[in-house]
Each structure stands twice: as structure tokens, then as C-alpha cells.
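# Chain and residue survey
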Amino acid sequence: MARMFPTSDPSLPPYKSLIVQGDYHPSAPIHMCLSVPTGAKALLLSSARQALIRSLSEYNDEWLFTNSGTGNSHQSSSKVDIFYPPTPNHLVVLLSAFRTYKASDPVPLDAKATLESVPSLLVLHELSAYFLPINENKPTPMRLVLFDSQLDKLKLPVLRTLTVPVFDGEENGDETPRSESVAFVARKYFEWVGTFVRSDPETDSPPDGSGARRCTLTLHKQGSDFESDIVWRWSEVPKQTHSRCEKLVITFAW
């Protein structure tokens, strides 16, 4: 089952597309990719390699710290391919260049863009950073996930449908380009919308001094009643669990 945490529970509801916004934990896209079923592949396209590595290092997910680079995670990590197109143009070219290998294909293939099989999951990571100052016979349909923590801050000129004047000579009105909320438009193209909210550990931490952050994920299916939303609540707790590392690791407490 698809998930955004190290454990199999909680798992996401069945989906074809999902947009994740808000202050999600940095390891969520990685856990999402690692959760694809046996025999399936996942693609992660991130706008910035160093930013992703830095955020993972600073967050220090306990499961990733313990299992990364070991035999325990070899099988699951081998199912994931990660690409870092540096600009929107590179992203478009990369997406158009992806293909699976066929021995009968006469066209020379780009080795880096040639995939072993059609992926079952495509994760797009932080696309707003480009624009803000920062089964064998029956292939499984690809699912799409967009992770973007700053989507609600992004405003861009959005094309409107042209209106035809009813009478000749009628004014078309104000045609000045306006910056519109990209999040409002993007949600219309996704089946589910997941919104993370995380408390500020400096101003809203528990009295026990643990430094835990209270977190909430609300999953809303487009077109459904908000009363049917799925809500998960947990805490991110910093702990000193490894003697070989002075840095605190983050554990998930449900």
C-alpha cells in the first residue's frame, strides 16, 4: 500500500493522482517511492538535488538513517530512479525523452532516459522552486504525485478562456494579465489533495520539553464532502538513539 511513512500503517487510500501541499516532512516523497509494490518502479523528479539532500540530512529520519546504504533497503531502493532537471525546460525535455527499451526499436536510445519498465509511480518534487525565489501483460497504470510545500505561495499569470463579443465592436473588458493562485488551479487536475500542517516547535511544543512537533495530514478527494476527509495525526519526536551519531533523529509517534 502507498504510504508516506516508514511503517505500512497508516496507508493512503487508492488513488490515481494526488497533490501534497503544506509543511510535509522531507522524507515523505522517499517513503512514497519506496512503498511501490514488488516488481514495480518509481520515478522521482526533483527540482534541486542539493536542496533535497540538505532537507533530508537536517530532518534526519530515523528509518532512513538506520537503513540507508544497507542490505535491508537494497531491494526497495533499487526500484526507485531519481532525476534532478535543473530548469523547467530540462524537465520538459526529460519527460519527453523517457521511454522503455525495445530490442526492435531502430531509434538510438538515450541510456539515461531509457527505463527498464513503465513506472507505476511518478513523483514530482517541489516544482514551484523553478518559479519562486527558491503486471507484464497488463502494465499497471502510472499514478502521479506532486509534492510542493510552497504551492500555496506561488502565483503566476494563468490563461483565461477567451470571450467572444456578442455584438461587433463590444469591448472585451480588462485584458491585463493577473497573477492567480497556482494551487487553486492545480487542485482541479488531481484526484486527491493532501495538506500537511506541522506545529512550530519553538512556540507550540509540549510542556515536557521533548521538542515534539504535532502534525496533521488531511486527505480530501475532489468532489466529495469535506466531512468524508481522512485525517491523520501524529508527533515528530527528536531522540538520541544512536551512539555513533551526535545528531538527534526524528521518530514518528502515533
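Above this text you will find the structure in question.
Residues numbered from 1 in each chain as written. Predicted model: local features only at pLDDT ≥ 70, side-chain atom pairs only at ≥ 80, totals over all residues. Heavy atoms only, no water.

## Some details on the pairing of strand 10 (residues 192-198)
- Along strand 10, five of the seven residues are buried, which leaves the element largely enclosed by surrounding structure.
- Pairing geometry for strand 1 (residues 17-22) and strand 10, over five bridges, is parallel. When the sheet's bridge partners are listed, isoleucine 19 is paired in strand 10 with valine 193.
- With seven bridges connecting them, strand 10 and strand 11 (residues 213-221) associate as antiparallel partners. By the bridge assignment, valine 197 is partnered in strand 11 with threonine 216. (Buried < 20%, exposed > 50% of the residue type's maximum accessible area, 1.4 Å probe, protein only. Helix = DSSP H or I, 4+ residues; strand = E, 2+ residues; numbered from the N terminus. Pairing = 2+ DSSP bridges.)

## A look at the sheet that holds strand 1
- Taken in spatial order, the nine strands line up as 3-2-6-7-1-10-11-12-13 in an open sheet, and their pairing is mixed. Looking at which strands have only one partner, the edges of the open sheet turn out to be strand 3 (80-83) and strand 13 (249-253). Each adjacent strand pair in this sheet contributes to an overall mean axis angle of 20 degrees, direction not counted.
- In the sheet, strand 1 pairs with strand 7 (residues 143-148) via five bridges, with the strands oriented parallel. Note that in strand 7 the partner of isoleucine 19 across the bridge is leucine 146. (Axes fitted to C-alpha atoms, helices over the stretch in contact; angles between N-to-C directions.)

## Overview of the environment of serine 47
- Along the chain, serine 47 turns up in the loop between strand 2 (42-46) and helix 2 (49-59).
- Since its relative accessible area comes to 13%, serine 47 is described here as buried.
- Separated by 81 residues in the primary sequence, serine 47 and serine 128 place their C-alpha atoms 8.5 Å from one another.
- Ignoring any residue separated from it by four or fewer positions in sequence, one finds serine 47 in contact with Pro85, Pro86, His125, Glu126, Ala129 and Tyr130.
- Separated by 2.8 Å, the side chain of serine 47 and the backbone oxygen of glutamate 126 make a polar contact. (Contact = heavy atoms within 4.5 Å. Polar contact = N/O pair within 3.5 Å; in protein donor to acceptor, adjacent residues only side chain to side chain.)

## Notes on the pairing of strand 2
- By the criterion of burial, strand 2 is predominantly enclosed, with five of the five residues buried.
- Of the two faces of strand 2, the one carrying Ala42, Leu44 and Ser46 and the one carrying Leu43 and Leu45 are both buried.
- By the bridge criterion, four bridges tie strand 2 to strand 3 in an arrangement that is parallel. Within the sheet, the bridge partner assigned to leucine 43 lies in strand 3 and is aspartate 81.
- Two strands pair when backbone bridges link them, and strand 2 and strand 6 (residues 121-125) are joined in this way by five bridges, in the parallel orientation. Its bridge partner lying in strand 6, leucine 45 is registered against leucine 124.

## So, the pattern of salt bridges
- The final tally for this structure, using the stated rule, is five salt bridges.
- With a closest N to O distance of 3.1 Å, aspartate 23 and arginine 198 form a salt bridge.
- A relative accessible area of 13% places arginine 198 in the buried class.
- Of the charged contacts in the structure, one is a salt bridge between glutamate 236 and arginine 198, with a shortest N-O distance of 2.8 Å. Remark: arginine 198 occurs in strand 10 and glutamate 236 occurs in strand 12 (residues 230-239); sequence separation between them is 38 residues. Take glutamate 236 and arginine 198: they sit in the same class, and that class is buried.
- It is possible to trace a salt-bridge network through shared partners that takes in Asp23, Arg198, Arg213 and Glu236. (Salt bridge = Lys/Arg side-chain N within 4 Å of Asp/Glu carboxyl O.)

## Comments concerning the environment of threonine 216
- Among the secondary structure elements, threonine 216 is positioned in strand 11.
- The spatial distance from the C-alpha of threonine 216 to the C-alpha of serine 199 is 8.9 Å, given a sequence separation of 17 residues.
- Among residues more than four places away in sequence, those in contact with threonine 216 are Thr195, Phe196, Val197, Val231, Trp232, Arg233 and Trp234.

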